[in-house]
Amino acid sequence: MQTTLLKGKTALVTGSTSGIGLGIAKALAAQGANIVLNGFGDVQGPRADIEALGVKVAYHGADMSRPTEIAEMMAHAAAQFGRVDILVNNAGIQHVARIENFPPEKWDAIIAINLSSAFHATRLALPAMQAADGGKGWGRIINIASVHGLVGSAEKSAYVAAKHGIVGLTKVTALENATSGVTCNAICPGWVLTPLVQKQVDARAAAGGISTEAATAQLLGEKEPSLQFTTPEELGALAVFFCSPAGNNVRGVAWNMDGGWTAQ
Ligand code: NAD
């Protein structure tokens, strides 16, 4: 159902050609926001799905590990739509290995894509958000962290460090803008069945010589009491709440949607 909560607003979602980012982009578009897509792989499918919701769609293929490309993406978004009202820092990658075996170049890539990119996009988005609404400011920055922004798991050193970092960045961004209409919050999902997690299920199935179904049940059973995946649609609905007037005084939270993972 298309509603008009965000009509006239522009949302830039990094890493929105797939998974959670695409789910959030669709949810914001369903509320009337124009969308700037970013990410690798197929763009035409996501673009057509979102255009079918009756909003305008732009795309920039910035590699989020590269600050100069992030700056080009933000300039492209401003040229297309005037300014970015809603920034969703979502692009992310994973690599699983013990610290002594963790390739340093994977560490650097995860910190760059999962953490530093959010700093760069945020610093470039903030001035226009702060100037909006006659100088009172209006903006929404939503950082897609993870339960791994709140707790650790073995073999995910770079990911856990980056996600704890983005929860910290969220708090500082919220505090620096606390008296304005610019809010910043983090979403901390548990398991979501996207290509990023499918790779971990497949690796587990291969290592254990077990079926995909058995590997999936094992993965959920170890950490997530609900034994259910969170969906991109559920995460999209939470992002819409943060963007709504009711989210006006929600500032600096790290909101887990994790089937009880961090309640244990
Ligand atoms: P995904 O692999 O489905 O999507 C990742 C997106 O990021 C894709 O659009 C991809 O093209 C893009 N991307 C990757 N590297 C990029 C780069 N260098 N520059 C630009 N775009 C790049 O993954 P997902 O599961 O949807 O993950 C999205 C976010 O959610 C990540 O930050 C991830 O850490 C977080 N997250 C995922 C889960 C989960 O269970 N899937 C749980 C918690 C948090």
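All values derive from a computational prediction rather than experimental measurement. (Residues numbered from 1 in each chain as written. Predicted model: local features only at pLDDT ≥ 70, side-chain atom pairs only at ≥ 80, totals over all residues. Heavy atoms only, no water.)

Peer 1: Would you mind showing me how to read the sheet that holds strand β1 (residues 10–13) here?
Peer 2: Sheets are built from strands paired through backbone hydrogen bonds, the pairs being either parallel or antiparallel. Spatially, the seven strands line up as an open sheet ordered β3-β2-β1-β4-β5-β6-β7, and their pairing is parallel. Pairing within the sheet leaves two strands with one partner each, and these edge strands are β3 (57–59) and β7 (254–257). Taking each pair of neighbouring strands and ignoring which way they run, the sheet shows an average axis angle of 20°. Looking at chain direction, β1 and strand β4 (residues 86–89) are connected through three bridges and run parallel. Within β4, the residue paired with Leu12 across the bridge is Leu87. Its contacts with the sheet put helix α4 (residues 104–131) on β4, β5 (139–144) and β6 (182–189), and the angle it makes with β4 is roughly 175°. (Pairing = 2+ DSSP bridges. Helix = DSSP H or I, 4+ residues; strand = E, 2+ residues; numbered from the N terminus. Axes fitted to C-alpha atoms, helices over the stretch in contact; angles between N-to-C directions. Contact = heavy atoms within 4.5 Å.)

Peer 1: For this particular structure, what's the right way to read the packing of aromatic side chains?
Peer 2: Remark: the centre distance and the inter-plane angle together describe each pair of aromatic rings, the angle taken between the planes. Counting across every chain of the model gives four aromatic pairs. Taking 5.5 Å as the distance between ring centres and 50° as the angle between the ring planes, the aromatic pair formed by Trp191 and Trp261 counts as tilted. Here Trp261 lies in the segment after β7 and Trp191 lies in the loop between β6 and α6 (195–208), a separation of 70 residues in the sequence. Accessibility expressed as a relative area gives 7% for Trp261, which makes it buried. Ring centres of Phe241 and Trp255 lie 5.9 Å apart, and the angle between their planes is 70°; on these two criteria the pair is classed as edge-to-face. (Phe/Tyr/Trp six-rings, centres within 6.5 Å; stacked < 30°, edge-to-face > 60°. Buried < 20%, exposed > 50% of the residue type's maximum accessible area, 1.4 Å probe, protein only.)

Peer 1: Would you explain the site of the ligand in this entry?
Peer 2: In the region of the ligand, 30 residues are neighbours, and Ser18, Asn90, Tyr159, Val192 and Thr194 sit closest. One nitrogen or oxygen atom from the side chain of Asp63 is found 3.0 Å from a nitrogen atom belonging to the ligand. Between Gly190 and the ligand, the recorded distance is 3.4 Å, taken from a backbone N or O atom to an oxygen atom. Relative to its free-state accessible area of 820 Å², the ligand is covered by the protein chains to the extent of 93%. More than half of the atoms belonging to the ligand lie within 2 Å of the grid points that define the largest pocket. At the level of elements, α1 (19–29), α5 (157–176) and α6 are the ones that each hand at least two residues to the shell around the ligand. Per-element accounting of the shell around the ligand gives the leading share, three residues, to α6. (Near = heavy atom within 4 Å. Polar contact = N/O pair within 3.5 Å; in protein donor to acceptor, adjacent residues only side chain to side chain. Areas by Shrake-Rupley, 256 points an atom, 1.4 Å probe, with all protein chains shown as cover. 1 Å grid on protein atoms, 1.4 Å probe; cavity = no way out; pocket = protein on both sides within 12 Å on 5 of 7 lines; lining within 4 Å. Sits in = over half its atoms within 2 Å of the grid points.)

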